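So you can see what is in the structure, the chains are spelled out below.
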Amino acid sequence: ACTGIENIDEAITLLEQNNWDLVAAINGVIPQENGILQSEYGEETLHGPAYGPTSHSTAASSTPSSSSAFRHVVPSRQIVERQPRMLDFRVEYRDRNVDVVLEDSSTVGDIKHILENELQIPASKMLLKGWKTGDVDDSTVLKSLHLPKNNSLYVLTPDLPPPSTSHSGALRESLNQNFMLIVTHREVQREYNLNFSGSSTIQEVKRNVYDLTSIPVRHQLWEGWPPSATDDSMTLAVSGVTFPCHRLTVGRRSSPVQTREQSEEQCTDVHMVSDSDGDDFEDATEFGVDDGEMFGVASSALRKSPMMPENAENEGDALLQFTAEFSSRYGDCHPVYFIGSLEAAFQEAFYGKARDRKLLAIYLHHDESVLTNVFCSQMLCAESIVSYLSQNFITWAWDMTKEANRARFLTMCTRHFGSVVAQTIRTQKTDQFPLFLIIMGKRSSNEVLNVIQGNTTVDELMMRLMAAMEIFSAQQQEDIKDEDEREARENVKREQDEAYRISLEADRAKREAQEREMAEQFRLEQIRKEQEEEREAIRLSLEQSLPPEPKEESTESVSKLRIRTPSGEFFERRFLASSKLQVVFDFVASKGYPREEYKLLGTFPRRDVTQLDPNKSLLEVKLYPQETLFLEAKE
């Protein structure tokens with residue numbers, strides 16, 4: 001009404017840019033030279049909040065059609081005093097954090113006085129550190145430090161003794177404990193079992209309950225909080241809730257018609273720190289926005305990036321984006337999602353060796369379900385669930401928010417699990433998501449063991465995972481037994497085949513050796529025959545070349561030689577005394593005893609005739625008139 005902005009998305013975007021500081025957002029839109037705000041008649045507005053209520057006379061004279069106390073800025077030469085700039089400080093002291101909001105005209109000492117009331121520490125004992133401009137004193141004006149809107153400081157108390165070890169140890173132990181909050185939704189009579197760590201704040205509990213019940217934090221009416229739980233920024237460990245289990249009741253706060261005094265009181269309190277975050281700011285109806293628009297249309301403009309691109313061609317790329325977006329929303333402690341197609345996940349989980357097989361968990365995400373944030377942050381990211389899934393499951397995920405992705409998964413589901421499972425998932429309502437499908441691979445098909453809806457607890461989720469694991473373990477043991485028996489049979493068959501192969505190799509080697517031996521014998525026989533033929537040819541040639549044997553009655557001198565063979569046989573022949581010794585050698589060779597292999601020896605005296613000159617006559621070598629010789633094989 002005071003800025004002229006009618007587009008709700010644009011207004012919420014401006015508020016988001018200014019960290020939901022309404023004054024800063026209005027000042028950023030209205031030109032400074034025209035003043036912060038002006039009344040209908042151009043008079044200066046009251047000091048304090050720039051959008052504070054107008055006087056009774058002004059409100060009475062405003063147009064009837066507008067329920068707002070604000071008007072569009074009318075350009076005027078009259079300059080209104082600028083609204084003081086507000087600074088936010090988060091001050092840390094030991095295990096506590098204190099939020100302080102002050103005008104920039106305040107001093108450092110003003111901060112210490114506020115901290116003195118909050119921390120119960122004398123201001124004189126405090127050392128306020130963390131200033132980017134160095135140390136400052138208590139009289140320093142904040143405006144002179146040129147600080148940003150949001151600042152972080154810390155308090156040191158060197159003159160005070162440290163807190164007792166037992167108290168701080170007990171507090172640390174409480175922060176690490178898990179509290180079970182049993183929250184009853186009064187209107188629908190439904191219970192939610194929520195697990196929170198001791199370090200979670202009451203504000204975080206209320207936001208998670210908003211996700212479950214759709215009751216905004218500002219409209220929640222609680223019963224059961226301890227009297228000490230006075231601030232939504234308190235952690236559960238220090239709030240006084242009962243460990244390990246505490247019961248609470250929540251309902252929707254009625255919306256009474258605000259009186260004029262209530263409206264004025266609300267408007268003058270704009271600089272107080274709200275208990276709720278950006279999506280829980282108060283009384284959006286003043287600007288013509290009802291709850292449906294504020295948390296419906298407007299929230300769609302602020303929605304985070306989709307978990308998975310629509311119509312993704314490659315399932316692996318889609319799963320990469322899903323994992324990255326899941327980590328950015330819920331942290332790095334989450335199940336390890338399998339990156340790849342559903343068929344590849346089946347291959348990884350079901351088609352290895354029986355001992356290496358795992359169950360397949362399919363997580364179906366839906367951004368529009370009120371259960372999604374609680375299921376992901378409180379259950380799916382619980383360390384016990386993450387550890388159990390990583391050891392026993394292959395986890396694959398898909399985003400069902402977009403219709404195209406939903407249809408694509410239903411097609412894959414029909415192909416792999418059948419139409420019954422696909423129809424079961426198709427009939428699930430949005431508020432029943434997210435879903436967790438537990439799949440077990442069998443010999444002929446894939447069986448869906450369990451479909452877990454989002455309205456569950458960590459303990460129930462763990463019990464159902466363990467129940468599925470028991471069924472799978474029994475089946476796995478049977479598969480291992482069958483596989484071992486099959487491997488034993490295959491080993492026996494392999495051993496038999498190997499023995500048969502070795503036997504064939506031995507037979508073939510033996511046969512080849514015999515063939516080689518026969519071939520060698522044949523070759524040697526051929527050589528022997530050739531040698532014999534050659535010897536026979538030489539013998540015949542020598543026999544034909546011998547001179548005729550002289551007759552006994554020859555008038556020439558004749559020498560008669562008697563030769564004994566190694567076998568004991570004798571043969572005789574007559575030679576002319578004038579014949580050369582070579583003729584005797586040729587004669588002996590013609591009988592099969594060549595000079596190269598045999599020695600021809602004389603008896604008296606014993607001598608080796610083969611060593612004599614073959615060109616001498618028998619008379620010269622004294623083999624006349626007769627002589628007995630014998631043959632001896634050479635070594």
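As shown above, the structure is provided for reference.
Residues numbered from 1 in each chain as written. Predicted model: local features only at pLDDT ≥ 70, side-chain atom pairs only at ≥ 80, totals over all residues. Heavy atoms only, no water.

1. Quick word on the pattern of salt bridges
(1) Moving on: The final tally for this structure, using the stated rule, is 29 salt bridges.
(2) Moving on: For Lys206, the salt bridge is made with Asp232, and the minimal N-O distance between the two is 3.0 Å. Remark: Asp232 occurs in the loop between strand S7 (220–223) and helix H7 (236–239) and Lys206 occurs in helix H6 (residues 202–213); sequence separation between them is 26 residues. Each member of the pair, Lys206 as well as Asp232, is classed as buried.
(3) Moving on: With a shortest N-O distance of 3.0 Å, Glu325 and Arg329 are connected by a salt bridge. (Salt bridge = Lys/Arg side-chain N within 4 Å of Asp/Glu carboxyl O. Helix = DSSP H or I, 4+ residues; strand = E, 2+ residues; numbered from the N terminus. Buried < 20%, exposed > 50% of the residue type's maximum accessible area, 1.4 Å probe, protein only.)

2. Quick word on unusual backbone geometry
(1) Moving on: The omega angle of the peptide bond from Phe243 to Pro244 is 5 degrees, so this bond is cis rather than trans.
(2) Moving on: Note on placement: Pro244 falls in the loop between H7 and strand S8 (245–252).
(3) Moving on: Put simply, Phe433 and Pro434 share a cis peptide bond, and its omega is -5 degrees.
(4) Moving on: Considering the arrangement of structural elements, one finds Pro434 in the loop between helix H15 (419–426) and strand S11 (435–441).
(5) Moving on: The backbone of Asn19 sits at a positive phi, close to 55 degrees, despite the residue not being glycine.
(6) Moving on: Residue Asn19 is classed as partly exposed on the basis of its relative accessible area, which comes to 45%.
(7) Moving on: If you check the backbone angles, Trp20 has positive phi at about 60 degrees while not being a glycine.

3. Examining the sheet that holds strand S15 (residues 598–602)
(1) Moving on: Overall, mixed pairing links the five strands, which are arranged S14-S13-S17-S15-S16 in an open sheet. Whereas interior strands pair on both sides, the edge strands pair on one side only; in this sheet they are strand S14 (570–576) and strand S16 (607–608).
(2) Moving on: By the bridge criterion, two bridges tie S15 to S16 in an arrangement that is antiparallel. Bridging from a neighbouring strand, Leu601 pairs with Asp608 of S16.
(3) Moving on: Packed onto the sheet, helix H17 (residues 581–590) meets strand S13 (558–564), S14, S15 and strand S17 (626–633) and runs at close to 150 degrees relative to S14. (Pairing = 2+ DSSP bridges. Contact = heavy atoms within 4.5 Å. Axes fitted to C-alpha atoms, helices over the stretch in contact; angles between N-to-C directions.)

4. Points about the side chain of Asn450
(1) Moving on: Among the structural elements, Asn450 can be located in strand S12 (residues 446–452).
(2) Moving on: In terms of polar contacts, Asn450 uses its side chain to reach the side chain of Arg464, at 2.8 Å.
(3) Moving on: Residues contacting Asn450, with those up to four places away along its chain left out, are Phe436, Leu437, Ile438 and Arg464. (Polar contact = N/O pair within 3.5 Å; in protein donor to acceptor, adjacent residues only side chain to side chain.)

Keep in mind that these numbers describe shape and distance, not what the molecule does.
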